[in-house]
Amino acid sequence: MDTPNAPEPRSKRHWTSNSALLAALAALTLVLVWVAQTTQERIAANQRSGITAGLNALMPKGSYDNDLLADAFTVIAPDLLGTDRPVTVYPAWRDGKPVAAIIRPIAPDGYRGPIELLVAIAYDGTLIGVQVLQHDETPGLGDAFEKREAGWLDDFTGRSLQNPPQQRWTVRRDGGDFDAFTGATITPRAIVKAVRRSLEFYQANRDRIFAAKGN
Amino acid sequence: MLDAPDNSTTAVPRDTLLMLALCPLLAVSDTVPNAIATAISLLLVVALSSSMLWLLARFIDRDIRWAAGMLVTALVTAIVERSMSAWFHEIRQSLGVFVPLLVCNVAIVYRFSTARSAGMRLLREALALSLAAAAALVILGIARELVGRGSLFHDASHAFGAWASFAETVVFDVDMGFLLAMLPPGAFFAVGLLLALYNAVHNAHSQRREAGR
């Protein structure tokens with residue numbers, strides 16, 4: 001008809017059907033926005049309850065007497081705590097004396113992205129325990145610490161910056177003392193690194209952490 | 001290219017491509033609650049998005065069928081994902097990245113559908129396929145969990161709420177089951193075995209039918 005490469009004339013029906021489709025998709029997007037707004041509160045509450053559950057798992061009821069959430073404050077330490085956003089620290093007191101500090105750092109080099117941790121450190125620098133709050137690791141492989149190897153996180157209890165010495169604060173594969181789990185090395189390596197860095201942060205900032213007595 | 005749905009467009013047969021599209025879901029079928037949750041999410045996404053596409057069928061030209069399908073599926077998946085994070089956040093954490101990835105799985109199903117337009121035929125085909133996939137996932141979940149950790153419905157109360165704890169059974173007590181069954185490669189082995197079983201039954205059945213003629 002015309003030159004071989006000329007575009008076909010668009011019929012009116014073509015325009016109306018495409019406009020109708022765009023309108024329908026826009027409407028659907030509005031539904032999504034509405035759902036996102038409505039669920040925002042609940043999702044935030046779920047995350048908070050996850051933190052509370054983690055704190056309770058790490059610090060048994062009688063070991064402290066302050067309100068952990070109320071006394072919490074934030075610090076920014078991108079090198080040691082894994083993010084340049086504020087990281088929450090929960091100091092724990094009993095009878096007016098500092099007992100422990102729980103830090104909520106990030107392990108930035110997980111296999112699929114950052115892993116959010118809760119690291120509980122006793123006043124003298126020994127690890128009380130580690131919990132994983134949020135992660136995106138591969139189900140079945142990187143998330144072994146949740147189901148398959150549920151005892152793996154217990155290995156951290158009692159450790160400190162001297163135990164093991166600094167060179168051995170990594171996974172066995174890199175010459176360290178910590179086991180990895182079958183099928184995943186990057187995830188345990190990232191968690192071990194983040195825990196050690198949290199210990200270093202605590203050591204450097206202990207006085208600062210317990211300076212403000214939040215009563 | 002976008003609207004020729006038969007085998008001639010691809011070097012790999014269509015059925016194989018559809019199976020590959022559903023493969024990522026295998027990673028999350030290691031326990032029964034995970035498998036059930038994935039199956040339900042898949043069915044939900046397919047049902048909602050194919051219904052939407054059916055409603056909009058008369059506005060979708062052949063040229064833009066794939067783009068429209070992807071957009072609708074992405075929107076529906078986002079809605080499902082947010083709802084899961086709000087009301088079922090434990091299982092949402094358990095399934096990890098595979099909830100958003102449902103977009104890919106389902107979009108491929110639409111891409112390789114034999115329906116000529118986004119209408120009723122597409123809806124029926126997508127639903128049938130996802131029902132089959134859901135059933136396969138649940139069977140896989142049962143098999144893998146039994147072999148891998150000797151239990152059924154492990155952590156069901158986590159996933160579905162406290163009422164589901166009645167379902168948590170330990171069939172046999174093993175310290176560390178057949179680990180391979182719990183790992184993603186084990187899922188592929190299991191699928192292979194399932195397919196072999198299906199073929200065996202199917203062939204025996206058609207042989208018997210032929211012999212009976």
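Because the structure is a prediction, the values reported are computed rather than measured.

**Regarding the interface of chain B and chain A**
Phase 1: At the junction of the two partners, chain B supplies 28 residues and chain A supplies 25 residues.
Phase 2: When residues of the side of chain B that touches chain A are traced back to their parent elements, those giving at least two are helix H3 (65-87), helix H4 (89-95) and helix H8 (179-182) of chain B.
Phase 3: No other element matches the ten residues that H3(B) contributes to the side of chain B that touches chain A.
Phase 4: Its residues assigned to classes, the side of chain B that touches chain A shows 20 nonpolar, five polar and three charged.

**Things to note about the domain arrangement of chain A**
A common way to express how large an interface is: the accessible area buried when the components associate.
Residues and elements named next belong to chain A.
Phase 1: The domain architecture assigned to chain A consists of domain 1 (10-58) and domain 2 (61-211).
Phase 2: Of note, the centres of domain 1 and domain 2, computed from C-alpha atoms alone, are 33 Å apart.
Phase 3: The interface is formed by six residues belonging to domain 1 together with nine residues belonging to domain 2.
Phase 4: The class makeup of the residues in the side of domain 1 that touches domain 2 is four nonpolar, two polar and no charged.

**What about the packing of H3(B) against helix H5 (residues 102-111) of chain B?**
When two helices pack together, you describe them by how their axes are tilted relative to each other and by the distance separating the axes.
Residues and elements named next belong to chain B.
Phase 1: Put simply, H3 and H5 touch, their axes get as near as 9 Å, and they point 150° apart. Taken as axis vectors, H3 and H5 run roughly antiparallel relative to one another. Handedness of the crossing formed by H3 with H5: right-handed. Of H5, the residues touching H3 (which contributes Trp-66, Gly-69, Met-70, Thr-73, Ala-74 and Thr-77) are Leu-102, Val-103, Val-106, Ala-107, Tyr-110 and Arg-111.
Phase 2: When its residues are assigned to classes, the contact of H3 with H5 shows eight nonpolar, three polar and one charged.

**Considering the pairing of strand S3 (residues 97-103) of chain A**
All names here are of chain A.
Phase 1: Here strand S2 (residues 87-94) pairs with S3 via six bridges, running antiparallel. Considered in S3, the bridge of Pro-91 is made with Ala-101.
Phase 2: What sits between the antiparallel neighbours S2 and S3 is a turn of two residues, in which Asp-95 has the positive phi angle 55°.
Phase 3: Two strands pair when backbone bridges link them, and S3 and strand S5 (residues 115-122) are joined in this way by four bridges, in the antiparallel orientation. Bridge pairing in S5 links Ala-101 to Ile-121.

**Describing the pairing of strand S6 (residues 127-134) of chain A**
Residue and element names in this part refer to chain A.
Phase 1: Note that S5 and S6 share six bridges and pair antiparallel. Of the residues in S6, the one forming a bridge with Ile-121 is Leu-127.
Phase 2: Turn length for the S5-S6 hairpin, with the two strands adjacent in sequence and antiparallel, is four residues, and the turn residue Gly-125 shows positive phi of about 95°.

**Examining the nonpolar core**
Phase 1: With 49 residues, the main nonpolar core has Leu42(B), Val106(B) and Leu137(B) as its most contacted residues.
Phase 2: Listed by contribution, the elements that provide at least two residues to this core are helix H2 (32-55), H3, H4, H5, helix H6 (120-149) and helix H9 (184-212) of chain B.
Phase 3: A total of ten residues in this core trace back to one element, the largest contributor, which is H2(B).
Phase 4: Once you skip the residues sitting within four places of it in the chain, Val106(B) turns out to touch Val45(B), Val46(B), Ser49(B) and Thr73(B).
Phase 5: Met59(A), Ile115(A), Ala180(A) and Ala190(A) belong to the second-largest nonpolar core, a separate cluster that totals 46 residues.

The rules we used
Residues numbered from 1 in each chain as written. Chains lettered and ligands numbered in written order. Predicted model: local features only at pLDDT ≥ 70, side-chain atom pairs only at ≥ 80, totals over all residues. Contact = placed C-beta atoms within 7 Å. Helix = DSSP H or I, 4+ residues; strand = E, 2+ residues; numbered from the N terminus. Nonpolar A, V, L, I, M, F, W, Y, C, P; charged D, E, K, R; others polar. Domains from an automatic or database assignment. Axes fitted to C-alpha atoms, helices over the stretch in contact; angles between N-to-C directions. Parallel < 35°, antiparallel > 145°, perpendicular 65-115°, else oblique. Left-handed = near helix turned anticlockwise from the far one by under 90°. Pairing = 2+ DSSP bridges. Core = buried A, V, L, I, M, F, W, Y, C linked by C-beta atoms within 7 Å. Buried ≥ 20, exposed ≤ 12 C-beta atoms within 10 Å, placed from the backbone.

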